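Here is what each chain is made of, one letter per residue.
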Amino acid sequence: GFGRGMNIGARAITAANYLLLNPDTVIINDIVGEMLVHLKQTPSAGVVGCRMLDPEGNIQPCVYSSPNLLVTLLGLLRLKKLLGFKWLTGLIRFCAAHAGLKDYVSPDREMVHWKNVQFVPGSGFMIRGALFHHLNGYDENIFLYFEDADLFFRVRTEKLRELHLLPNTGIVHMVGKSFDLEFSDISPRKYWSMLYYFWKNNRFWEYLVIRGVLFSLAFIKIL
């Protein structure tokens, strides 16, 4: 699994900071140096990330808060295209409790200062080595998917350090090119990890909702 593999590497090599990257990423400038400088100059930061670019050079939308019920349900039901409707995104901006969700529907493309966020893109970020080891790295119960969200959740709940998002970009994420996209769509690992994350870190009723939707979708496919 991804998390266990990263943990093996971190146990083998002790470092002041670790840069964790997906295999389907490409670094196009000195963003890694900027992350390192930010960690050195900002003691409160434990994790630092940046906004990801797609292969066309556009900023990829990302929810900079922990996985939440609304966006997860929209993804499961394949309804994320609804976020393209202005009336819905306006309603979300008005009602959203988390700034990260507002960023998703209305990203700050003119961002000039770093932000203290709940979540940075897990496909490429830097974390202090001491913090990573203190948390015992990734949760190895998660084979793939949601391991980054779980790690960031523990950083925040233990109130050890902050997660900072830099305004600059520099990492292109190919999205799903680490393996066949069909694997991503059908892999039960993805849904097991989703359930595990909501059971471990979210409210129990939210876990029950996600579980109910997953079982309903599985039943419909069987029919």
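Please refer to the structure placed before this passage.
About the thresholds
Residues numbered from 1 in each chain as written. Predicted model: local features only at pLDDT ≥ 70, side-chain atom pairs only at ≥ 80, totals over all residues. Heavy atoms only, no water. Salt bridge = Lys/Arg side-chain N within 4 Å of Asp/Glu carboxyl O. Helix = DSSP H or I, 4+ residues; strand = E, 2+ residues; numbered from the N terminus. Buried < 20%, exposed > 50% of the residue type's maximum accessible area, 1.4 Å probe, protein only. Contact = heavy atoms within 4.5 Å. Pairing = 2+ DSSP bridges. Patch = residues over 30% accessible without salt bridge, like charges linked within 9 Å, V, L, I, M, F, W, Y side chains within 5 Å. Areas by Shrake-Rupley, 256 points an atom, 1.4 Å probe, with all protein chains shown as cover.

Colleague: Give me the lowdown on the pattern of salt bridges, citing residues and values where you can.
Modeller: Applying the stated criterion across every chain yields a total of 6 salt bridges. One salt bridge in this structure joins Arg4 and Glu140, with 3.2 Å as the shortest N-O distance. Taken together, the residues Arg4 in helix 1 (residues 2-12) and Glu140 in the loop between helix 6 (129-134) and helix 7 (147-157) connect sequence positions 136 residues apart.

Colleague: Which residues make up helix 7, and what values go with them?
Modeller: Of all 11 residues in helix 7, 9 are buried, a share of seventy percent or more. Residues of helix 7 that are buried sit in contact with helix 1, strand 3 (45-50), strand 5 (124-128), helix 6, strand 6 (162-166) and helix 9 (188-201). One or two steps after helix 7, the chain reaches Lys159, where phi turns positive at roughly 50 degrees.

Colleague: Quick rundown of the side chain of Thr42? Include the residues and the values.
Modeller: As for its position among the elements, Thr42 is in the loop between helix 2 (31-41) and strand 3. Contacts of Thr42, omitting those with residues within four sequence positions, involve Trp114, Arg128 and His164.

Colleague: Quick one: what's the story with the pairing of strand 6, residue by residue and with numbers?
Modeller: Of all 5 residues in strand 6, 4 are buried, a share of seventy percent or more. Pairing analysis gives 5 bridges linking strand 3 to strand 6, with the strands arranged parallel. Note on strand 6: the bridge partner recorded for Val47 is Leu163. In this sheet, strand 6 lies alongside strand 4 (residues 115-117) in antiparallel orientation, the contact comprising 3 bridges. Looking across to strand 6, one finds that Asn116 is bridged to His164.

Colleague: Run through a nonpolar patch on the surface, naming residues and quoting values.
Modeller: Residues Trp199, Phe204 and Leu208 make up a contiguous nonpolar surface patch of roughly 360 Å² in combined accessible area. Turning to its location among the elements, Phe204 is positioned in helix 10 (residues 204-222).

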